[in-house]
Amino acid sequence: MSKLTSELREAFRAADLRPTAQRYAVLEFLVSGRRHSTAGEIVRGVNRTGSAASRATVYNSLRALSRAGLVREVFTGGSAARFDATLHPHHHYICDLCGAIEDMAWFEVPAPAAARVLQGRHVRAYEVVYHGACRRCRNSKSGRGDI
Ligand SMILES: [Zn+2]
Ligand SMILES: [Zn+2]
């Protein structure tokens, strides 16, 4: 069994979600294929890997995976929802100019600061989303061309 396969199986087990073939294919695509995909891209991607799945099946799988906490929506501010696996916690950087979504290394928001603003609210999950101009866009704008 590959490292990815055992990691995915363990994630399903930990989330107490039955790993149907379609759910497994969707999660595997998000982990190893293209991250931050729209539902449409996931449908195309999953079907390319050979596990034929209808649009409705993929949408149902996405819903089940989201409910179980294995997949979440990335808050891009764009029109189409983009999905991300939650197996490895990370923050996001979104470029206002080219729309690129980059994973950022995880760090904890300092507890005293969080406690101050949360004022007793319970937190299930959180992420930091940075917005701005990515390195590529900044480089091409300044004309240095050192991409
Ligand atoms: Zn950019
Ligand atoms: Zn991500």
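Along each chain, numbering runs from 1 in the same order as the chain's sequence is written. Key to labels: chains lettered from A, ligands numbered from 1, both in the order written. In keeping with the model being predicted, local features are shown solely for residues with a pLDDT of at least 70 and side-chain atom pairs are shown and tallied solely at 80 or more, while totals for entire chains, interfaces and linings include all residues. Hydrogens and water molecules were not included; the side-chain quantities draw on all heavy atoms of the structure.

Considerations on the packing of helix H2 (residues 21-32) against helix H4 (residues 55-67)
Thought 1: The N-to-C vectors of H2 and H4 enclose an angle of 75°; their axes lie 9 Å apart at closest approach. In this view, H2 runs roughly perpendicular relative to H4, as classed from their interaxial angle. Between H2, through Gln22, Arg23, Val26, Leu27 and Leu30, and H4, the contact on the second element is made entirely by Thr57, Val58, Ser61, Leu62, Ala64 and Leu65.
Thought 2: Residue composition of the contact of H2 with H4, by class: seven nonpolar, three polar and one charged. As a rule, the C-alpha atoms of each element are fitted with a line to give its axis, helices using only the stretch in contact, and angles between N-to-C directions run from 0 to 180 degrees. Counting from the N terminus, the helices are DSSP H or I runs at least four residues long and the strands are E runs at least two residues long. Should an angle lie under 35 degrees it is considered roughly parallel, over 145 roughly antiparallel, and from 65 to 115 roughly perpendicular; all remaining angles are considered oblique. Note on contacts: a residue pair is in contact if any heavy atoms of the two residues lie within 4.5 Å. Nonpolar residues are Ala, Val, Leu, Ile, Met, Phe, Trp, Tyr, Cys and Pro. Charged residues are Asp, Glu, Lys and Arg, and all others, Gly as well, are polar.

Details of the coordination of the zinc ion (ligand 1)
Thought 1: Note that water is not among the atoms used; donors are N, O and S atoms within 2.8 Å of the metal (3.2 Å for Na, K and Ca), so sites may look incomplete. For the zinc ion (ligand 1), the full set of protein donor atoms is Cys95 (SG), Cys98 (SG), Cys134 (SG) and Cys137 (SG), at a range of 2.3 Å.
Thought 2: Around the zinc ion (ligand 1) sit four donor atoms; with metal-centred angles ranging over 107 to 114°, the donor geometry is tetrahedral.
Thought 3: Mapped onto the sequence, the residues coordinating the zinc ion (ligand 1) show the spacing C-x2-C-x35-C-x2-C. In this pair, Cys95 is assigned in strand E4 (residues 91-95) and Cys137 in helix H6 (residues 135-142), connecting sequence segments 42 residues apart. You'll find Cys95 and Cys137 in the same group, each marked buried. Under this scheme a four-donor centre is tetrahedral when all angles range from 85 to 135 degrees, a four-donor centre is square planar and a six-donor centre octahedral when opposite donors are above 155 degrees with the rest from 65 to 115, and any other centre is irregular. Exposure classes here rest on a 1.4 Å probe applied to the protein chains alone. A residue is buried below 20% of its type maximum, exposed above 50%, and partly exposed in between.

Focus on the coordination of the zinc ion (ligand 2)
Thought 1: All of the protein donors around the zinc ion (ligand 2) are His36 (NE2), Asp84 (OD), His90 (NE2), His92 (NE2) and Asp103 (OD); their distances to the metal are 2.1 Å.
Thought 2: On the basis of relative accessibility, which here comes to 6%, the residue His90 falls in the buried class.

Considerations on the sheet that holds E4
Thought 1: Strand order in this open sheet of three strands is E5-E4-E6, and the pairing throughout is mixed. Both edges of this open sheet fall to strand E5 (101-104) and strand E6 (129-132), since each of them pairs with a single strand only. When the angles between neighbouring strand axes are averaged without regard to direction, this sheet yields 25°.
Thought 2: By this definition, two strands are paired if DSSP reports at least two bridges between them. In this structure, E4 lies alongside E5, joined through four bridges in antiparallel fashion. In the strand pairing of E5, His92 is matched with Asp103.

Here we look at the domain arrangement of the protein chain
Thought 1: Taken as a whole, the protein chain is organised into domain 1 (1-87) and domain 2 (89-147).
Thought 2: A separation of 23 Å is found between the C-alpha centroids of domain 1 and domain 2.
Thought 3: Taken residue by residue, the interface counts twelve residues in domain 1 and nine residues in domain 2.
Thought 4: Together domain 1 and domain 2 conceal approximately 770 Å² of surface at their shared face, both sides included; 53% is due to carbon and sulfur atoms. Per the annotation, domain bounds derive from an automatic or database assignment of domains. Defined in terms of a 1.4 Å probe, buried area is the accessible area two parts forfeit on being brought together, summed over both.

What about the pattern of salt bridges?
Thought 1: Counted as salt bridges are all cases of a side-chain nitrogen of Lys or Arg within 4 Å of a carboxyl oxygen of Asp or Glu. Enumeration over the complete set of coordinates arrives at five salt bridges.
Thought 2: One salt bridge connects Glu10 with Arg13, and the closest N-O pair in it is separated by 3.0 Å. Separated by three residues within a single helix, Glu10 and Arg13 lie in helix H1 (residues 3-15), roughly one turn from each other.
Thought 3: With a relative accessible area of 58%, Arg13 lands in the exposed category.
Thought 4: In this structure, Glu127 and Arg72 form a salt bridge, with 3.1 Å as the shortest nitrogen-oxygen distance.

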